[in-house]
Amino acid sequence: MSSDNISTTAYTVATGIAKLSQLPRWKPYISDEVAALNRAFMQHGKTSLAKRLISWLPPALMLRVMDTIYIPGMTQHYLFRKQWIENRVNLAVSQGITQFIILGGGFDTLALRMAASYEKVQFLEIDLPDTQRAKLDILAKIHQPIPANCHYTPADLSQAALSDVLQASPDFNAAAPTVVILEGVLMYLTEAEVNALFSELHTLFKELFIIYGAIAAPDADAGNLTRITSALLGRGSEQTKWHCNAEGMTEFMARLGYKVKESITYKTLQRGYRKEGEIGQVPEQDENYYLVANVQL
């Protein structure tokens, strides 16, 4: 967590989406609702100097800064990965999934919006208390209604077992076919913590799919500016710890009882929206995305 106890990463992602929505090149991919919600998070969530600096950057400059000091294409990646996940949520609902659990939701708007679209489907979002409190406070400030089937649960999963947190919720149904979403989360866990989380999820559900992102290489393999940026985030417990590339993911998941059903690399996500000439410096793999199922499926 950052010094003001609200995730800097969550704020950066929301601000990135808000700023992309101001650029003609990317505005067509962002609905008015998504743009408005992310603008609200950007405007009301700048509770530290770092966040104010991020919010003050003009949109085009933020893209250039992120390309320079972090990973080329990262701001657009926030948009691309969200659309990839949302497409799979819509497909999962059409195939009979009735429960979605979002872990580490940050300032993401998926549960809020999908719950309004699918009234018979339950959406549960679990996040650190301070970040979730900030999110709900901002939603209240802008008078954003929260559907009855969208449930927010504050919990620090380093202090409480996920199974205990879920089973304490009256809205949780262990028998329901379920999708768990881990967007931009797993890189901040150790490998042992990733193993424990996936093993715990495997014991909780009979019919389970997990959508998640995983970085392909450690920060030490990146450029100097990327390492510096990650180290600064690390002051607030947001330094990356676990990585697994696309080639190793099938075996890694098999050991935990899962089968990789779908995967997409960082650059392949970019290719869905950008021409090859735009993504020459974009790495083939960075935060890749996956859809896995427990093996009986």
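Cut-off values and rules
Residues numbered from 1 in each chain as written. Predicted model: local features only at pLDDT ≥ 70, side-chain atom pairs only at ≥ 80, totals over all residues. Heavy atoms only, no water. Helix = DSSP H or I, 4+ residues; strand = E, 2+ residues; numbered from the N terminus. Rg over C-alpha atoms; globule rule 2.2 N^0.38 Å. Buried < 20%, exposed > 50% of the residue type's maximum accessible area, 1.4 Å probe, protein only. Contact = heavy atoms within 4.5 Å. Areas by Shrake-Rupley, 256 points an atom, 1.4 Å probe, with all protein chains shown as cover. Lys, Arg positive; Asp, Glu negative; His and termini not counted. Charge placed at Lys NZ, Arg CZ, Asp CG, Glu CD. Pairing = 2+ DSSP bridges. Axes fitted to C-alpha atoms, helices over the stretch in contact; angles between N-to-C directions. Parallel < 35°, antiparallel > 145°, perpendicular 65-115°, else oblique. Left-handed = near helix turned anticlockwise from the far one by under 90°. Nonpolar A, V, L, I, M, F, W, Y, C, P; charged D, E, K, R; others polar. Core = buried A, V, L, I, M, F, W, Y, C linked by side-chain atoms within 4.5 Å. Right-handed = clockwise from strand over helix to strand, strands pointing away. Patch = residues over 30% accessible without salt bridge, like charges linked within 9 Å, V, L, I, M, F, W, Y side chains within 5 Å. Salt bridge = Lys/Arg side-chain N within 4 Å of Asp/Glu carboxyl O. Expected span 1.5 Å × (residues − 1). Phe/Tyr/Trp six-rings, centres within 6.5 Å; stacked < 30°, edge-to-face > 60°.

*Asks:* Any chance you could explain the overall build of the chain here in plain terms?
*Replies:* Looking only at helices and strands, the chain features twelve helices and seven strands. Taking 2.2 N^0.38 as the reference for a compact globule, 297 residues should give roughly 19 Å; the C-alpha atoms of the chain span a radius of gyration of 18 Å, in line with that estimate. In terms of overall dimensions, the chain has a C-alpha envelope of 50 × 45 × 35 Å along the principal axes. Scored against the burial criterion, the 297 residues of the chain give a buried share of 55%. Taking as baseline every contact in the chain between residues at least 6 positions apart, the subset at least 24 positions apart corresponds to 78%. Counting every atom, the chain has about 13200 Å² of accessible surface; 54% of that belongs to carbon and sulfur. Taking the average location of the 27 positive side-chain charges in the chain and that of its 30 negative ones, the two points are 7 Å from each other.

*Asks:* I'm lost on the sheet that holds strand 2 (residues 122-127) in this one. Help?
*Replies:* The strands making up a sheet associate through hydrogen bonds between their backbones, and the pairing can be parallel or antiparallel. What the seven strands build is an open sheet, ordered 3-2-1-4-5-7-6; its pairing is mixed. Of all strands in the sheet, those bounded by a partner on one side alone are strand 3 (150-154) and strand 6 (258-264). Sheet twist, expressed as the average angle between the axes of neighbouring strands with direction ignored, equals 20 degrees. Pairing between strand 5 (residues 208-215) and strand 7 (residues 287-294): seven bridges, direction antiparallel. What sits directly across from Ile 211, in strand 7, is Leu 291. Sheet contacts for helix 7 (residues 129-141): strand 2 and strand 3; angle to strand 3, the most-contacted strand, approximately 140 degrees.

*Asks:* Looking at this model, I keep getting lost on the packing of helix 2 (residues 32-44) against helix 7. Mind explaining?
*Replies:* Axes are the key here: two packed helices are described by the angle between their axes and the distance separating the axes. Orientation of helix 2 relative to helix 7, taken along the N-to-C sense of each, is 110 degrees, at an axis distance of 10 Å. The angle between the axes of helix 2 and helix 7 places the two elements in the roughly perpendicular class. The handedness of the crossing between helix 2 and helix 7 comes out as right-handed. Mapping the contact onto sequence places Leu 37, Ala 40, Phe 41 and His 44 in helix 2 and Lys 135, Ile 138, Leu 139 and Lys 141 in helix 7. In terms of residue class, the contact of helix 2 with helix 7 is built from five nonpolar, one polar and two charged.

*Asks:* Can you help me understand the nonpolar core in this one?
*Replies:* Burial of nonpolar side chains together is a common tendency in soluble globular proteins. In terms of nonpolar packing, the biggest core is built from 61 residues, with Phe 100, Phe 107 and Ile 181 touching the most fellow members. The greatest single-element share of this core, amounting to nine residues, is contributed by helix 5 (residues 74-94). Contacts of Ile 181, omitting those with residues within four sequence positions, involve Ile 85, Val 89, Phe 100, Ile 101, Ile 102, Leu 103, Leu 110 and Ile 211. By size, the runner-up hydrophobic cluster in this structure holds 32 residues, among which are Ala 155, Phe 172, Cys 244 and Met 253.

*Asks:* Help me understand the pairing of strand 1 (residues 99-103) in this model?
*Replies:* Each regular strand displays side chains that alternate between the two surfaces of the sheet. Counting buried positions along strand 1 yields five of five residues, so the element is predominantly enclosed. Taken together, strand 1, helix 6 (residues 110-117) and strand 2 form a β-α-β motif whose crossover is right-handed.

*Asks:* What's the story with a nonpolar patch on the surface in this structure? I'm lost.
*Replies:* Nonpolar side chains collect at one region of the surface, where Leu 49, Leu 53 and Trp 56 lie side by side and expose about 350 Å² of accessible area between them. By secondary structure assignment, the location of Leu 53 is in helix 3 (residues 49-56).

*Asks:* Just to check I follow, could you spell out helix 2 for this structure?
*Replies:* An α-helix turns once per 3.6 residues; consequently, residues spaced three or four apart project the same way. Helix length check: helix 2, at 13 residues, gives a terminal C-alpha distance of 18 Å against a target of 18 Å (1.5 Å per residue), a fit within 8%. Residues Val 34, Ala 35, Leu 37, Asn 38, Ala 40, Phe 41 and Met 42 constitute the buried set of helix 2.

*Asks:* Is there a simple way to explain the packing of aromatic side chains in this structure?
*Replies:* Aromatic ring pairs are described here by two measures, namely the spacing of the ring centres and the angle between the planes. The tally for this structure, following the rule as stated, stands at twelve aromatic pairs. An angle of 85 degrees between the planes, with centres 5.5 Å apart, marks the rings of Phe 198 and Tyr 258 as edge-to-face. One end of the pair, Phe 198, is in helix 9 (residues 191-204); the other, Tyr 258, is in strand 6, with 60 residues separating them in the sequence. You'll find Phe 198 and Tyr 258 in the same group, each marked buried.

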